[in-house]
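Listed below, chain by chain, are the residues.
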Amino acid sequence: MAIREIIKYPNPILEKEMRIVEQFDSKLKQILEDMYDTMVAYDGIGLAAPQIGLDAQIAIVDIDDQHGTIEFINPKIIAQSGSQIDIEGCLSFPNLYGDVRRATYVKIQAQNRLGKPFILEARGLLARVCLHEIDHLHGILFTSKVVKYYQPEELKDGKH
Amino acid sequence: MYRMKKQREQENVRNLALNTLLKIEKEGAYSNLLVNQVLKTAKLPLTDKGLFTELVYGTLQRKSTLDEILSEYIQMNKTALWLLMLLRLSLYQVLFLDRVPEHAVVHEAVEIAKQRSKGRLGSFVNGVLRNIIRNKEKILLVSGSFAKQLSFQTAHPFWMISYFKDNFGEEEAQKICESNLIPPKQTIRLNPLRTTRENLIRKMKEEGFTITPSDFLKECFINKQGNLALSQAFETGLFSIQDGSSMLVAYASDPKEGMKVLDCCGAPGGKTAHLAERMNGTGMVVSQDIHPHKVRLIQKNAKRLGLKNIVAQLGDAKCLTEQHPLKSFDIVLVDAPCSGLGVIRRKPEIKDEKTMEDLFRLQEIQQQILQSAAKLVKDGGRLIYSTCTIGAIENQNVIQHFLLQNPNFTRDSSLHARIPTGILNKRVQKEGELLILPHDFNSDGFYICALVKERIK
Ligand SMILES: [Zn+2]
């Protein structure tokens, strides 16, 4: 198990387009394991490769539902619909929270750790997290989509 | 993305236990390491920490019993892993944890199931659990053959129970299996180079810990509660965390000041450090491991304890003669890789993971290492073999085989004189050997054999 350091804003890697993954080897497997350990250690429900300083289109998502941990290599959004607003926070922006508008439904095509393509349909929170992480792979940060920021004291009233 | 507070509020001790169990199942993570890690990072109240530990260890330990019952109510192979694990976790509480009311168990399980299935599986979980509770009395009244009954009561696989029975008889086999269900106690070994008994007890008291001296070993103390690895006294090297049984290895080795000792499977360095402490920081203990990160672990431990007579190095125990001159050590310790059947209470997953074939596969490695280690022992020197497993395949048979091939080695007739009598009196011990079963002293099951190399006249 290895917990990596989380890269924080304004590190420039967070705003770059990530490279396509071409090698599906044991190194990739190790990266995915490390990303999982790091995500769990920081109480995350999603993590993208640039957040641990890696220039690669890799993201993982785990919202504790029946999907378990979903690993996305080179993901593409092939369809989305609907609209929902909810609060988000990002491991690369400690103590910053804001409402973000996202699709309620998303269809994603990606490859698994062996390079095999798969399609995932996600709704609600799962769709939100997937979209947040895939944005990371294109250098897009949630702060560019926030419609309303929260003050720290607003978060203590138990509403969220 | 962060888990937001509205999800975090739903996190509770059972959910955490469920996630930990799933991680152990999926990744084969060692349960004791993971439980400690979760306890360190999770924000649980103290009362829930105890429950968390009990839920994880208990569910793992009783897995085969739980599955046997569940298989009569659900189709096991068609049930998602998380759902199966949730049912095991809940059933464990219903059958074996009296202090949790049944309705609370069902309620929590239904809530978790709803969360994880978007509401779909709540009534399914409710139905299964209520059905089982209705038949609880009948389930608990089981009969059958010795192995079947013991397997059901204590959740050990059949082969393991038969193996224990063949080695130690029915009565001892039952005691072993039952004692494997008792959560392990943390024990520590005082570092005599840094502190004294009185001083250590006082220091620990100041830090809010209660330790009581062991009845048999002067350097050993038993922890009442809490994790001593988090104490200041641990950081500053006043003690090591080590099970009482494995402390006996240094007694069996009995190194003298100025000696040259080799611990050829040394990581994480507990026995290495004990040997170095007994040599009062003099001489040299070479401690090897085949993995670089484990060598670093030995170094870290030696540094923390202030033991300058430890040399940690990378090396393969199967080909020691490539790294050291022949006959160059007074004592060579082979603390061999083994199946761990003596430490099931610490690592309950051993019950599910190990097979009879593993024992024979390990036996081959053990023989190889012992053979290679023997060449480095000086004439008149000592060769110590130890494992944290019980049963002849990995212990007595390895020694018998070794002695047949190496007539210049004999069993050390002076071993028993070096072991505290309270420990020796527990069971009949063969010359040069020491066997500890887990229920003897509520410590690890352990095997030690001391051999001496002939002096050339
Ligand atoms: Zn983020």
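Structure: see above.
Residues numbered from 1 in each chain as written. Chains lettered and ligands numbered in written order. Predicted model: local features only at pLDDT ≥ 70, side-chain atom pairs only at ≥ 80, totals over all residues. Heavy atoms only, no water.

J.: Got a minute to help me understand the sheet that holds strand E8 (residues 146-149) of chain A in this structure?
T.: Hydrogen bonding along the main chain pairs the strands of a sheet, whether they run parallel or antiparallel. Residues and elements named next belong to chain A. As summarised here, the arrangement of the three strands in space is E4-E5-E8, forming an open sheet in which the pairing is antiparallel. Each edge of the open sheet is held by one strand with a lone partner, namely strand E4 (84-90) and E8. Going across the sheet, the axis of each strand differs from the next one's by a mean of 35°, ignoring polarity. With three bridges joining them, strand E5 (residues 93-102) and E8 adopt antiparallel strand pairing. Residue pairing in the sheet places Asp99 in a bridge with Lys148 of E8. Against the sheet, helix H2 (residues 124-137) makes contact with E4 and E5, and its axis sits at roughly 50° relative to E4, the strand it touches most. (Pairing = 2+ DSSP bridges. Helix = DSSP H or I, 4+ residues; strand = E, 2+ residues; numbered from the N terminus. Axes fitted to C-alpha atoms, helices over the stretch in contact; angles between N-to-C directions. Contact = heavy atoms within 4.5 Å.)

J.: Explain the side chain of B:Lys271 here, please?
T.: All names here are of chain B. Among the secondary structure elements, Lys271 is positioned in helix H15 (residues 270-278). A relative accessible area of 15% means that Lys271 is categorised as buried. Residues contacting Lys271, with those up to four places away along its chain left out, are Gln242, Ser246, Val249, Asp263, Leu333, Asp335 and Phe446. (Buried < 20%, exposed > 50% of the residue type's maximum accessible area, 1.4 Å probe, protein only.)

J.: Would you explain the environment of A:Gln51 in this entry?
T.: Residues and elements named next belong to chain A. The topology assignment puts Gln51 in the loop between strand E1 (46-48) and strand E2 (58-61). For the pair Gln51 and Asn11, spaced 40 residues apart in sequence, the C-alpha to C-alpha distance is 9.5 Å. If we ignore the near neighbours within four places in the chain, the residues touching Gln51 are Glu5, Ile6, Ile7, Leu14, Cys90, Leu91, Ser92, Glu133 and His136.

J.: Help me understand the nonpolar core, please; the structure alone is not making it clear to me.
T.: All names here are of chain B. Grouped together as the largest cluster of nonpolar side chains are 50 residues, with contacts concentrated most on Phe52, Val56, Leu86, Leu87 and Val125. Counting residues per element, the ones that place at least two in this core are helix H2 (13-27), helix H3 (31-41), helix H4 (46-61), helix H5 (63-70), helix H6 (81-96), helix H7 (102-117) and helix H8 (122-134). Among the elements that make up this core, the one with the highest residue count is H6 (11 residues). In contact with Phe52, other than residues within four places in its own chain, are Val13, Leu16, Ala17, Thr20, Val35, Val38, Leu39 and Leu44. Counting residues in hydrophobic clusters, the runner-up holds 34 residues, among them Cys220, Val285, Val295 and Leu333. (Core = buried A, V, L, I, M, F, W, Y, C linked by side-chain atoms within 4.5 Å.)

Geometric values such as these leave the question of function open.
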